[in-house]
Amino acid sequence: MLQFWNNVKEELDFNDKSQKELAASIDISYNTLQSWITKDRLPDAENAVKIARALNVSVEKLVTGKEDISKDLNDETNDLLHDIRHLSTEDFKIAKTIIHRLSRQPSRVLEKQQ
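Note that the structure is predicted; figures quoted are calculated from it, not measured.

**Q** Before we go on, may I ask you to explain the overall build of the protein in this structure?
**A** Assigned secondary structure in the protein consists of eight helices and zero strands. Taken from the N to the C terminus, the helices and strands of the protein come in the order α-α-α-α-α-α-α-α. Split into buried and exposed, the 114 residues of the protein put 21% on the buried side. Once local pairs closer than 6 in sequence are excluded, the contacts in the protein between residues at least 24 apart make up 55%.

**Q** Please clarify how the packing of aromatic side chains should be interpreted in this entry.
**A** When we look at a pair of aromatic rings, we describe it by the centre distance and by the angle of the planes. One pass over the full model with this rule turns up two aromatic pairs. The interplanar angle of 90° and the centroid separation of 4.8 Å between the aromatic rings of Phe4 and Trp5 together place this pair among those described as edge-to-face. By relative accessible area, Trp5 is classed as buried at 0%. Of the aromatic side chains, those joined through ring pairs into one cluster are Phe4, Trp5 and Trp36. Over the ring of Tyr30 we find Lys20; its NZ or CZ atom is 5.3 Å from the centre of that ring. The ring of Phe14 is capped by Arg104, whose NZ or CZ atom sits 4.7 Å from the centre of that ring.

**Q** Looking at this model, I keep getting lost on the side chain of Gln19. Mind explaining?
**A** Of note, Gln19 is situated in helix α2 (residues 19–25). Since its relative accessible area comes to 19%, Gln19 is described here as buried. Those residues in contact with Gln19 that sit more than four places away from it in its chain are Lys9, Leu12, Tyr30, Leu33, Gln34 and Ile37.

**Q** Whenever I open this one, a nonpolar patch on the surface confuses me. Can you help?
**A** Residues Ile94, Ile98 and Leu102 make up a contiguous nonpolar surface patch of about 250 Å² in total accessible area. Checked against the element boundaries, Ile94 lands in helix α7 (residues 89–103).

**Q** When you look at unusual backbone geometry in this model, what are you seeing that I'm missing?
**A** Negative phi characterises most residues that are not glycine, and trans characterises most peptide bonds. At Asp27, a position not held by glycine, the phi torsion is positive, near 65°. Secondary-structure assignment places Asp27 in the loop between α2 and α3 (30–38). Owing to a relative accessible area of 70%, Asp27 belongs among the exposed residues under this scheme.

**Q** What should I look at first to understand helix α1 (residues 3–14) in this one?
**A** For an α-helix the count is 3.6 residues per turn, leaving residues at separations of three or four pointing the same way. Helix length check: α1 (twelve residues) gives 16 Å between terminal C-alpha atoms against 16 Å at 1.5 Å per residue, within 8%. Residues Phe4, Trp5, Asn7, Val8, Glu11 and Leu12 constitute the buried set of α1. Buried residues along α1 cover an arc of 160° about the axis, so they all sit on one side. Opposite the buried face of α1, by more than 90 degrees, sit the exposed residues Glu10 and Asp13. Looking at the packing, one finds that the buried side of α1 touches α2, α3, α4 (45–55) and α5 (59–64). Just beyond α1, the residue with positive phi is Asp16, at close to 50°.

Cut-offs and rules
Residues numbered from 1 in each chain as written. Predicted model: local features only at pLDDT ≥ 70, side-chain atom pairs only at ≥ 80, totals over all residues. Heavy atoms only, no water. Helix = DSSP H or I, 4+ residues; strand = E, 2+ residues; numbered from the N terminus. Buried < 20%, exposed > 50% of the residue type's maximum accessible area, 1.4 Å probe, protein only. Contact = heavy atoms within 4.5 Å. Phe/Tyr/Trp six-rings, centres within 6.5 Å; stacked < 30°, edge-to-face > 60°. Lys NZ or Arg CZ within 6 Å of the ring centre and 35° of its normal. Patch = residues over 30% accessible without salt bridge, like charges linked within 9 Å, V, L, I, M, F, W, Y side chains within 5 Å. Areas by Shrake-Rupley, 256 points an atom, 1.4 Å probe, with all protein chains shown as cover. Salt bridge = Lys/Arg side-chain N within 4 Å of Asp/Glu carboxyl O. Expected span 1.5 Å × (residues − 1). Arc of directions from axis to C-beta.

The structure is reproduced here in structure tokens:
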């Protein structure tokens with residue numbers, strides 16, 4: 001399977017969304033989405049952008065599995081990313097779990113947006 005669709009599935013899991021919800025949010029049929037996935041067919045650029053927006057990631061993230069966000073971040077966030085890159089594998093897993101749990105708390109998401 002194309003890395004694109006593996007990355008889409010990971011983002012769907014992270015966002016607790018189903019493929020049906022994704023299809024509806026980008027205004028295509030579920031059967032069309034399933035056809036793209038099962039035939040390992042990439043969507044056209046317009047639909048790739050819609051998918052990325054629906055999942056709140058860049059198209060680059062879906063295509064490569066990586067996203068260069070450091071250019072858009074402030075110094076404190078870049079310092080934090082630097083520290084994270086130097087964690088042991090076990091400590092990284094712990095930090096990732098903590099960050100995911102904090103980011104999914106509704107009150108924290110609302111505070112971030114204000």
